[in-house]
Amino acid sequence: MSNMDIANPSEEHLMLREMVREWTQENVEPQAHEHDRDEKFNLELLRSMGELGLLGISAPEEYGGAGLDAVACTIVHEELSASDPGFALAYLAHSMLFVNNLAYNGTEEQKARILPKVCSGEWIGAMAMSEPDAGTDVLGLGTSAVQQDDGTWLLNGRKMWITNGCIDEEGTPADVVWVYAKTGEDERGRVQLSTFLVEAGMPGYSVGQKIYDKTGMRASNTAELVFDDCIVPEANLVGDVGQSLLHMMGNLELERLTLAAMALGIGRRALDEMNRYATDRVAFNAPIREFGQIQRYIGESWAKYRAMRAYIYDTANNLTIGTSGQRLDSDGVKLFATTAAKEIADAAMQVMGGYGYVGEYHVERLWRDAKLLEIGGGTLESHQKNITRDLFKDGEAINR
Ligand SMILES: Cc1cc2nc3c(=O)[nH]c(=O)nc-3n(C[C@H](O)[C@H](O)[C@H](O)COP(=O)(O)OP(=O)(O)OC[C@H]3O[C@@H](n4cnc5c(N)ncnc54)[C@H](O)[C@@H]3O)c2cc1C
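Just so it is clear, the model here is predicted, and its values are computed rather than measured.

Looking only at helices and strands, the protein chain has 11 helices and 10 strands in total. Relative to the globule expectation of 21 Å for 400 residues, the C-alpha radius of gyration of the protein chain, 21 Å, shows essentially globular dimensions. Residue burial in the protein chain is summarised as follows: out of 400 residues, 49% are buried. Long-range pairs, those at least 24 residues apart, make up 75% of the contacts in the protein chain between residues at least 6 apart in sequence.

Okay, structure coming up:
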């Protein structure tokens, strides 16, 4: 019999999982309910992950990162999310959307200057793509950047829904933001995107508002960011002017995989809660797990959980960070796992009856948090669209 475990393909992966699980149990689990209830982001806890080497998990070691692969990224997101998806989302925005992007697409000078700060937790990073009037339709974004005679860039526009956009209740903006802006059009009239590293203190960069009253992910801060004649030094342009679509697409693949990993953590935890409850809860003189209708919830949840786990880690094992072209499966895992997680959390609430409906028993929070994963980082509909488009280009993917 084979001992192959795709979720822990090496001894190092297994050790990483054990370390993160233990740390999460001790540090993340005890604060999860309270931070969700109070809509508070645990900034210090995120910073402290720098000491564990997890903030720069995929960044090169020479800049303070851990230099690990997509499977390692998946493991950390799964483990954090099993306790606190809101906190895991803040971690994702920092380590995947900012740090990984910079590590793979920044210039040597930018990496040397900024990576050590974000890998240690001294600086908190964010990524700003979405806008009040443009989400899925990314090429419809309105934020513009115009180069001045002295070489600096002038940014104007608003970014919406930015995780870690503000880092406290006082409206302090993220220390550094990866901002996508329009810098022109090509000869066919298509919008050209460029990336700018905007740092706290740069004139014209501020928080418009912290967004309150979210359904879930309330332990992460979501903000509107304002760029009002924001002056960005020439050295903070990432890559070549107008060439950002490529690295945006590459980074989206890792983002979608790790969002799916968060769904996996939610599914696992919800299943665990419902399974234990079904043994302990007695009705009509029998543990409720003896009832066929409860068995359907548990049985179907197990199968969904195992299917998402297999697909997610299969994709993670095949995803090379820093390359693009794996969108079929990064969209596929997110499409499948996010809805599966929501359904498992829903089943858990049903199995747990009234207790499932209150915060102390965790699953209602997981249920609320799971919903965001069907929207953020690409909606279900965008994944359906991408998959269908990619299978038009490469129908043979089905038979390989
Ligand atoms: C809590 C939270 C955190 C977030 N964090 C970040 C972040 O850190 N950085 C960032 O840049 N963004 C972030 N986002 C934004 C998120 O990525 C967008 O909300 C998402 O991409 C959808 O964009 P939208 O909200 O503008 O909806 P829209 O794009 O306007 O979509 C509305 C509806 O229309 C559908 N639709 C749109 N186009 C099509 C089409 N061609 N075919 C079929 N259906 C279509 C959509 O699927 C959806 O159902 C976050 C959002 C939330 C809620």
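Tracing the backbone shows R37 in helix α1 (residues 11–38). C-beta crowding within 10 Å serves as the criterion here: with 12 such atoms nearby, R37 is assigned to the exposed category. In this structure the C-alpha to C-alpha distance between R37 and L80, which are 43 residues apart in sequence, comes to 18 Å.

Right, let's talk about the pairing of strand β3 (residues 153–163) for a bit. Where strand β2 (residues 144–147) meets β3, 4 bridges bridge the pair, whose relative direction is antiparallel. Bridge pairing links V146 to L154 in β3. With antiparallel pairing between neighbouring strands as the criterion, β2 and β3 make up a hairpin whose turn holds 5 residues, including G151 at a positive phi of roughly 95°. One ladder, built from 8 bridges, connects β3 with strand β7 (residues 222–232); its direction is antiparallel.

By domain assignment, the protein chain separates into domain 1 (11–120), domain 2 (125–242) and domain 3 (245–398). The centre of domain 2, based on its C-alpha atoms, is set 30 Å off from the matching centre of domain 3. Contacts between the two partners involve 7 residues from domain 2 and, on the opposite side, 9 residues from domain 3. Classifying every residue of the side of domain 2 that touches domain 3 by side-chain character gives 3 nonpolar, 4 polar and no charged.

Attention now moves to the site of the ligand. Around the ligand, the surrounding shell holds 24 residues, and the nearest of these are M129, G135, T136, T379 and E381. For the shell around the ligand, the per-class residue count stands at 10 nonpolar, 10 polar and 4 charged. Each of domain 2 (125–242) and domain 3 (245–398) accounts for three or more of the residues forming the shell around the ligand.

Turning our attention to the environment of T258. Relative to the helices and strands, T258 is located in helix α6 (residues 244–280). Given 33 C-beta atoms within a 10 Å radius, T258 is considered buried. Sequence spacing of T258 and I312 is 54 residues, and the spatial spacing of their C-alpha atoms is 8.9 Å. Setting aside its immediate chain neighbours within four residues, T258 contacts C73, T74, H77, L92 and M96.

The next subject is the packing of α6 against helix α7 (residues 292–318). Each pair of packed helices can be described by the angle between their axes along with the distance between the axes. One way to put it is that α6 packs onto α7 with a least axis distance of 10 Å and a crossing angle of 155°. One element, α6, and the other, α7, form an angle in the roughly antiparallel class. Considering the relative orientation of α6 and α7, their crossing is left-handed. Here L257, A260, A261, A263, L264, G267, R268, L271, M274, N275 and A278 of α6 come into contact with α7, specifically with I294, Y297, I298, S301, W302, K304, Y305, M308, R309, I312, T315 and A316.

Note on helix geometry: an α-helix contains 3.6 residues per turn, so any two residues three or four positions apart are oriented the same way. In the structure, helix α4 (residues 85–105) departs most strongly from a straight axis at L92, where the bend amounts to approximately 30°. Most of α4 is tucked away: 20 of the 21 residues are buried.

Okay, helix α5 (residues 108–120) next. Taking 1.5 Å of rise per residue, 13 residues should cover 18 Å, and α5 covers 18 Å from first to last C-alpha, within 8% of that figure. Most pronounced at I114, the bend in α5 amounts to some 40°, and the proline P116 follows within four residues. I114, L115, V118 and C119 are the residues of α5 that are buried. Tucked into the core, α5 has its buried residues touching α4, β1 (125–128), β4 (176–185) and β5 (191–199). Phi turns positive, to about 95°, at G121, one or two residues after α5.

Conventions adopted
- Here, residues in each chain are numbered from 1, in the same order as that chain's written sequence.
- In view of the model being predicted, local features appear only for residues whose pLDDT reaches at least 70, and side-chain atom pairs are presented and counted only at 80 or more, with totals across whole chains, interfaces and linings using the full set of residues.
- Helical segments are the DSSP runs of H or I of at least four residues, strand segments are the runs of E of at least two, and each set is numbered from the N terminus.
- Atoms counted for the radius of gyration: C-alpha only. Globule rule: 2.2 Å times the number of residues to the power 0.38.
- Between the buried cut of 20 or more and the exposed cut of 12 or fewer other C-beta atoms within 10 Å of a residue's own C-beta lies the partly exposed class, and all C-beta atoms are placed from the backbone.
- Each residue gets a C-beta atom placed from its backbone, and two residues are in contact if those atoms lie within 7 Å.
- When DSSP finds two or more bridges between a pair of strands, those strands are recorded as paired.
- Residue ranges assigned to the domains are those given by an automatic or database domain assignment.
- As a working rule, the residues Ala, Val, Leu, Ile, Met, Phe, Trp, Tyr, Cys and Pro are called nonpolar, Asp, Glu, Lys and Arg charged, and the rest polar, with Gly in that last group.
- To decide whether a residue is near a molecule or strand, its C-beta atom is placed from the backbone and checked for lying within 6 Å of it.
- An axis is simply a line fitted to the C-alpha atoms; with a helix, the fit covers only the stretch in contact. Between two such axes, the angle follows the N-to-C directions and lies from 0 to 180 degrees.
- The labels follow the angle: roughly parallel below 35 degrees, roughly antiparallel above 145, roughly perpendicular from 65 to 115, and oblique for the rest.
- The handedness criterion is simple: a crossing whose near helix is rotated anticlockwise from the far helix by less than a right angle is left-handed, and one whose near helix is rotated clockwise is right-handed.
- To get the bend at a residue, fit one axis to the 7 residues ending there and another to the 7 starting there, then take the angle between the axes.
- Each residue after the first adds 1.5 Å to the expected span of a helix.

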